[in-house]
Amino acid sequence: MSGITLNRRQIMLTAVSAAAGLILPTGGMALAQAASSTPSMAQGGNAGGNVGYYRLSIGDISATVLSDGLIGGPPRVYASNAPEAELEEVLRQAFLPTDHLTLNLNTLLIETNGRRILLEAGAGQTMGPQGGRIFDNLAAIGLRPEDIDVVVVSHTHPDHVGNLRMANGGKAFPRATVFAPRADWDFFIRNDPDLSYMPVPEDFRRHFAAAIKRSVEPVTNGIELYEAGAEIVPGLTTLPALGHTPGMANFLVHSGNDQLLLTADLAYHPIVNIDHSWLPGPDRDKDTALASRRRIFDMAAADRLPVLGFHFPFPGLGRMLKTDTGYAWVPANWQF
Ligand SMILES: [Zn+2]
């Protein structure tokens, strides 16, 4: 421990602000982590030197999950309608802390027809100091940011667009064409969004909205806006998954008979949003989000699709199982 003492209110505020996407000085976040009693294994990180990339193929398309690191916050934020005692019990049974839920940031690089396409930009430092690892992981597979031709984001929350901007304000992926859903662009960037639906204080909402505008500012000129449902390039189709945000898409990567479904933020953590069907607090339109979740999870289960969850434990790959009461997440075995 750091020996620094924090009062309870500071700790609570810092924890909530991390979930809300508030940009805090690194010191504040570090203090929140130092104050947490969470074991380092559950917190993740790469203090042990573990890899943050994972290769797979989808037919002729080669793909690599590139971790941008971690974010997280109070479990309640991600399971807004869970009875408190039940939520704590579920977390305890999964050997997870009851005061903090860690989420991964699993971006996917696909290489097809000579183009390198990054699905989700990642958080960077917009939601705490444990994001922004994508550049190290790109380097680990021998690539530089200028090797990325296209970036497609599922929606424009800060943890999906944060890495578009370098610290100096320039484009982080200097050659890339960036695709974002039009309805999100209209809601979050062209207007001042009403974020009163988010279960966080007003101050945090303001910072959340500002982090989005700031992150996309370098790519505003030349942005390609798409409607969820559009095909971006052959082998990459977007599917409407509206509700979490006005324009959120899912991605279907396909080649030959092989497919991979990327579920974006339909679920934050399998334990609370798949194995239990609790509703993510940040869903803007909870009914529409629930309908999207059921439609796409049903399809994934019926077609036995391999699935990648952006926020699931790295590398985030598995399959969706339909059960008597809902769904279950079945992680894929690690392949070498
Ligand atoms: Zn997210």
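For the structure itself, look to the data block above.
Residues numbered from 1 in each chain as written. Predicted model: local features only at pLDDT ≥ 70, side-chain atom pairs only at ≥ 80, totals over all residues. Heavy atoms only, no water.

Quick word on the coordination of the zinc ion
By definition of the ideal shapes, four donors in a tetrahedron about a metal sit 109.5 degrees apart, and six donors in an octahedron sit 90 or 180 degrees apart. Using the following cut-off: For Na, K and Ca the donor cut-off is 3.2 Å, while for other metals it is 2.8 Å, and in both cases only N, O and S atoms qualify; water is not among them, so sites may look incomplete. All geometry calls rest on donor angles, where a four-donor set with angles between 85 and 135 degrees is tetrahedral, four- and six-donor sets with opposite donors more than 155 degrees apart and all others between 65 and 115 are square planar and octahedral, and all else is irregular. A run of H or I in DSSP counts as a helix once it spans at least four residues, and a run of E counts as a strand once it spans at least two, with each numbered from the N terminus. Per-residue accessibility, obtained with a 1.4 Å probe over protein chains only, is compared with the maximum for each type, and a residue is labelled buried under 20%, exposed over 50%, and partly exposed between these values.
Coordination of the zinc ion by the protein is provided by D159 (OD), H160 (NE2), D265 (OD) and H311 (NE2), with metal-donor distances spanning 2.1 to 2.2 Å. The site at the zinc ion holds 4 donor atoms, and with the angles between them running 89 to 155 degrees, its shape is irregular. Each donor residue of the zinc ion lies on one chain, and together they are spaced D-H-x104-D-x45-H. Placement of the pair is D159 in helix α7 (residues 158-161) and D265 in the loop between β11 (258-262) and α10 (270-273), with a sequence separation of 106 residues. A residue is classified by how much of its surface remains accessible, and D265, at 0% relative accessible area, is buried.

Side note on the sheet that holds strand β9 (residues 236-240)
Rule in force here: A pair of strands is labelled paired if DSSP reports no fewer than 2 bridges between them. Every residue pair with non-hydrogen atoms within 4.5 Å of one another is taken to be in contact. Lines fitted to C-alpha atoms define the axes here, with helix axes fitted over just the stretch in contact, and angles between the N-to-C directions of these axes take values from 0 to 180 degrees.
The 7 strands are arranged β8-β9-β10-β11-β12-β13-β14 in an open sheet whose pairing can be described as mixed. Either end of the sheet is taken by a strand with one partner, and the two such strands are β8 (231-233) and β14 (327-331). When β9 meets strand β10 (residues 249-255), the two strands line up antiparallel, connected through 5 bridges. Bridged to T237 within β10 is L252. Contacting β9, β10, β11, β12 (307-308), β13 (317-322) and β14, helix α11 (residues 286-302) crosses the sheet at an angle of about 100 degrees to β13.

Thoughts on unusual backbone geometry
Residue F314 is joined to P315 through a cis peptide bond whose omega torsion reads 0 degrees. Looking at where P315 falls in the secondary structure, it is placed in the loop between β12 and β13. Positive phi, close to 50 degrees, is recorded for N113, a residue that is not glycine. Within the secondary structure, N113 sits in the loop between β3 (101-112) and β4 (115-119). With relative accessibility at 66%, the residue N113 sits in the exposed group. Positive phi, close to 55 degrees, is recorded for R304, a residue that is not glycine. Considering the arrangement of structural elements, one finds R304 in the loop between α11 and β12.

Topic: the pairing of β11
By the bridge criterion, 5 bridges tie β10 to β11 in an arrangement that is antiparallel. What sits directly across from F251, in β11, is L262. Counted along the chain from β10 to the antiparallel partner β11, the turn is 2 residues long, and its residue G256 has a positive phi close to 60 degrees. Inspection of the sheet shows β11 paired to β12 by 2 bridges, in the parallel sense. By the bridge assignment for β12, L262 is matched with L308.

Considerations on the side chain of R293
What counts here: In protein, a polar contact requires one atom able to donate a hydrogen and another able to accept it; more generally it is a pair of N or O atoms within 3.5 Å, and residues adjacent in sequence count only if both atoms are side-chain atoms.
Residue placement: R293 occurs in helix α11. Reaching out from R293, the side chain makes a polar contact with the backbone oxygen of L266 at a distance of 2.6 Å. Setting aside anything within four residues of it in sequence, one finds R293 in contact with L266, N273, L279, P280 and D283.

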